[in-house]
Structures are given as C-alpha cells and as structure tokens.
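Fold and contact review
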Amino acid sequence: MTGHARWKLARDRQIAQGLSESPEVTRRRAEIRLAFDLGQAVYDRRTELGVSQSALAERAGMTQPQVSKLELGGTMPTLPLLARLAQAMDAALYLELDGDESRVALTAHSPAD
C-alpha cells in the first residue's frame, strides 16, 4: 500500500469514527482549495485564449515556471499579480470569499461596440 493510500485509509477511518479535523487543518484545506481554484481559473482562461504558459508569462511579466506553479495551485499570488494576469488575459477577475467558501472566475471582457 502506498503512503497516500495509507493516509487516505487513516483519514477515512477518522471520518467514520466521527473524529474531526483540527481548525488548523480545516483552515489549510481552505487555503489549498483557494489556490487550486485560482490556478484552475487561470488555466481555463489561458486555454480559452489558446496561448501557451510562456506567452502568458511574457504578457504578465512572469516566468513560465511561475505560471505553471500557479496553475497547479502551488502558490498563492498577490493581488498585484492577479491584476496583471487578468489584464494579460483581457479578463476581469471575480473573487468571492465567504468564510471557508470561495468562488473564482476570470471572465473575458466584452468586445467594444
């Protein structure tokens, strides 16, 4: 059994026994989920535009590895970086935070009439 499988089995047993996570674990899970949601929104918009990670990185003043790490949920970007990314992808960033719940979307700007 792999380490991950053992961990999942132990976690499932804790849940079945009614043991809850510590507040720190719950908080960390929410942070990880937010980082993943931000990364997924960037990935979705970038692929919608049909641009590479390298092209997006150049537009946003980043490196390709930074874009990759962000898309994988491995980093929590700053607000200025999020603003640059939204501008580089010709989109508006919508971020809703409500307790442990969050919603993230990068929505394309409407074409000028």
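Summarised in this report is the structure supplied together with it. (Residues numbered from 1 in each chain as written. Predicted model: local features only at pLDDT ≥ 70, side-chain atom pairs only at ≥ 80, totals over all residues. Heavy atoms only, no water.)

1. Details of the overall build of the protein
- In terms of helices and strands, the protein carries five helices and two strands.
- For the protein, the sequential pattern of α-helices and β-strands runs α-α-α-α-α-β-β.
- Split by element, the accessible area of the protein, about 7,800 Å² in all, is 54% carbon and sulfur. (Helix = DSSP H or I, 4+ residues; strand = E, 2+ residues; numbered from the N terminus. Areas by Shrake-Rupley, 256 points an atom, 1.4 Å probe, with all protein chains shown as cover.)

2. Comments concerning the nonpolar core
- Core analysis: the largest hydrophobic core is formed by 20 residues, its most contacted members being Val42, Leu56, Met62, Leu85, Met89 and Leu106.
- Breaking this core down by element, the ones donating at least two residues are helix H2 (23-49), helix H3 (53-60), helix H4 (64-71), helix H5 (79-88) and strand S2 (101-108).
- Ranked by residues supplied to this core, first place goes to H5 with five residues. (Core = buried A, V, L, I, M, F, W, Y, C linked by side-chain atoms within 4.5 Å. Buried < 20%, exposed > 50% of the residue type's maximum accessible area, 1.4 Å probe, protein only.)

3. Quick notes on the pairing of S2
- With eight bridges joining them, strand S1 (residues 91-98) and S2 adopt antiparallel strand pairing. Within S2, the residue paired with Leu97 across the bridge is Ser102.
- Linking S1 back to S2 in an antiparallel pair, the connection comprises two residues, with Gly99 at a positive phi of about 65°. (Pairing = 2+ DSSP bridges.)

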